[in-house]
Number of protein chains: 2
Amino acid sequence: MEFKLYNYYRSSCSYRVRIALELKKIDYSYIPIHLIENGGHQNTLEYQKINTKQEVPTLIHNETPISQSMAIIEYLDEIKPDISPLLPKNPIQRAYVRQACEIINSGIQPLQNLRILNKLVNDYQISDPQKKAWINDLVTNGLVSFEKFISNKSGLYCFGDTISAADLFLVPQIFSSQRFGVDLEPFKALMQINENCLKLTTFQNSHPNAQPDNPELKA
Amino acid sequence: MEFKLYNYYRSSCSYRVRIALELKKIDYSYIPIHLIENGGHQNTLEYQKINTKQEVPTLIHNETPISQSMAIIEYLDEIKPDISPLLPKNPIQRAYVRQACEIINSGIQPLQNLRILNKLVNDYQISDPQKKAWINDLVTNGLVSFEKFISNKSGLYCFGDTISAADLFLVPQIFSSQRFGVDLEPFKALMQINENCLKLTTFQNSHPNAQPDNPELKA
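What counts as what
- Residues numbered from 1 in each chain as written.
- Chains lettered and ligands numbered in written order.
- Predicted model: local features only at pLDDT ≥ 70, side-chain atom pairs only at ≥ 80, totals over all residues.
- Heavy atoms only, no water.
- Axes fitted to C-alpha atoms, helices over the stretch in contact; angles between N-to-C directions.
- Helix = DSSP H or I, 4+ residues; strand = E, 2+ residues; numbered from the N terminus.
- Left-handed = near helix turned anticlockwise from the far one by under 90°.
- Contact = heavy atoms within 4.5 Å.
- Pairing = 2+ DSSP bridges.
- Buried < 20%, exposed > 50% of the residue type's maximum accessible area, 1.4 Å probe, protein only.
- pLDDT = per-residue confidence, 0-100.
- Least-squares fit on C-alpha atoms with pLDDT ≥ 70 in both.
- Salt bridge = Lys/Arg side-chain N within 4 Å of Asp/Glu carboxyl O.

**Student:** Explain the packing of helix α5 (residues 114-124) of chain A against helix α6 (residues 128-150) of chain A here, please?
**Tutor:** For any two helices packed against each other, one specifies the inter-axial angle together with the distance between the axes. Residues and elements named next belong to chain A. Contact pair α5 / α6: the axes reach a minimum separation of 11 Å and the direction vectors enclose 145 degrees. For the pair α5 and α6, the sense of crossing is right-handed. Facing α5, whose interface residues are Ile116, Leu117, Leu120 and Val121, α6 presents Lys131, Trp134 and Ile135.

Pasting the structure below:
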């Protein structure tokens, strides 16, 4: 098959790219990379050859690997510009969408990903409640600024009534924040957008609960 | 003036955008935001109105604020596509450049920025040597993957012999890593690219040492 996605069902960065592939109507082979089992399959020598940072996701298109979810999403939007465009046409509007994506991509996710949480526990012996406080503080801080930023721009979705790349970052971030037990009660506008997105089959099909490597599916 | 840049001389994200403005030959007003003085000027109510995340840089173009260095750099490349293009034309090559940018933008810088280091010290009482080890580990890990990724793609600069957005992320990252005392000796290829970039007046003019809010300039 032309497209392959190395990914993990509950990785939020993987989830972003799955939504993009669904929206772009691209068929792909799903290749699960278990991030925890046997020290993490992302750390095998074989996987390092296609992803020097040993992270998911990696998209393979015609044998060429691309990683970093933001770069993959921009790539998919460039090769399939006419199907569900993920960025508006106007440069300022494009900048706004990218700014929103980055508030999550560089401003929240890297601070609460598996590697950093493991490092805090293993190297700095932080306790479980301290770990929860770390996640809660940093996610809340990022979501507050995200919500303020889109407050005069949103509609059904982050930017008006059309899905944009920003929704592909928000929905997986809400998913993982719920999993970590972050209090999302204050984020009424974001939760409404999340709910609106989850009504779409594209978001349902790419949801962690619907992926073949989700152990609850096998049960 | 049409363009204004709210920024701080030694912030690596500010430095990235200054290089882009220089390369694009855009005149701009330099508005210093001191990140430490009086609890940080980025935290004033006035600044929060233009940057909900209270971070530098923020670019103002015709009264419209844009933040997140990646979004600003993409924007500048879109409005001035013919002057020093920062991304190649081919979609795969563009994806490679963005991937390299993100290894630094989301993979290194957020983990060692001022806010996180302050949080580690204030909330988790980590010692000074522990703070140094944190920075050293995370920067080294990121630069290893960056260097591996560009190893078969680089020339004088990260991607061949033409400046791309990736160089705008690498050079400021090297600057801040040197400031933090990270051992950069192993990164021979990256240090050579850094040296090649710093020979260009565009990189010299945007260097922290040449900015009006650098206190050493006033001394």
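**Student:** How do you make sense of the sheet that holds strand β2 (residues 29-32) of chain B when you look at a structure like this?
**Tutor:** Two pairing modes exist for strands in a sheet, parallel and antiparallel, and in both the strands are linked by backbone hydrogen bonds. All names here are of chain B. Strand order in the open sheet formed by four strands is β2-β1-β3-β4, and the pairing between neighbours is mixed. Across the chains shown, the open sheet's two edge strands, defined by having one partner strand only, are β2 and β4 (64-67). Across this sheet, the average inter-strand angle for adjacent strands is 20 degrees, counted without regard to direction. Sheet topology note: the strand β1 (residues 3-7)/strand β3 (residues 58-61) ladder contains four bridges and is antiparallel. The partner of Tyr6 across the bridge, within β3, is Thr58. Each of β1, β2 and β3 touches helix α1 (residues 12-23); the most contacted strand, β1, lies at about 160 degrees to it.

**Student:** In this structure, what is going on with the pairing of strand β3 (residues 58-61) of chain A? I would like to understand it.
**Tutor:** When a strand is regular, its side chains alternate between the sheet's two faces. In β3(A), alternate side chains face the same way, and those of Thr58(A) and Ile60(A) on one face and Leu59(A) and His61(A) on the other are all buried. Here β3(A) folds back onto strand β4 (residues 64-67) of chain A in antiparallel fashion, the turn holding two residues, of which Asn62(A) has a positive phi close to 45 degrees.

**Student:** I keep staring at unusual backbone geometry and nothing clicks. Help me out?
**Tutor:** Glycine aside, residues mostly have negative phi angles, and peptide bonds mostly take the trans form. With an omega dihedral of 0 degrees, the bond running from Val56(A) to Pro57(A) counts as a cis peptide bond. Structurally, the position occupied by Pro57(A) is in the loop between α2 (45-50) and β3.

**Student:** Looking at this structure, I do not really get the confidence of the model for chain A. What am I missing?
**Tutor:** In low-pLDDT segments, the atomic positions of the prediction should not be examined closely. Here chain A shows a mean pLDDT of 95. Residues at 70 or above account for 99%. This complex was scored by the predictor with a pTM of 0.97 and an ipTM of 0.97.

**Student:** Looking at this structure, I do not really get the relation of the copies chain A and chain B. What am I missing?
**Tutor:** Each of the two chain copies can be brought onto the other by rotation about an axis and movement along it. Structural alignment of chain A on chain B gives an RMSD of 0.0 Å, achieved by rotating through 180 degrees and translating 0.0 Å along the axis. Here the copies are linked by what is in effect a two-fold axis. No C-alpha of chain A approaches the rotation axis more nearly than that of Ser106(A), which lies at 2.1 Å. A shared binding surface is used by both copies, with 100% of the interface residues of chain A retained as interface residues in chain B.

**Student:** Is there a simple way to think about the pattern of salt bridges in this case?
**Tutor:** Any two side chains of opposite charge can pair if their charged atoms end up close together. Under the criterion given, the structure shown has 20 salt bridges over all chains. Its salt-bridge partner being Arg94(A), residue Glu78(B) comes within 2.9 Å of it at the nearest N-O pair. You can see Glu78(B) sitting in helix α3 (residues 69-79) and its partner Arg94(A) sitting in helix α4 (residues 91-105), one on each of two chains. Taking relative accessible area as the criterion, Glu78(B) reaches 26% and is therefore assigned partly exposed. Using a relative accessible area of 19% as the deciding quantity, one classes Arg94(A) as buried. One network of salt bridges, in which partners are shared, links Glu74(A), Glu78(A), Arg94(A), Arg98(A), Glu74(B), Glu78(B), Arg94(B) and Arg98(B).

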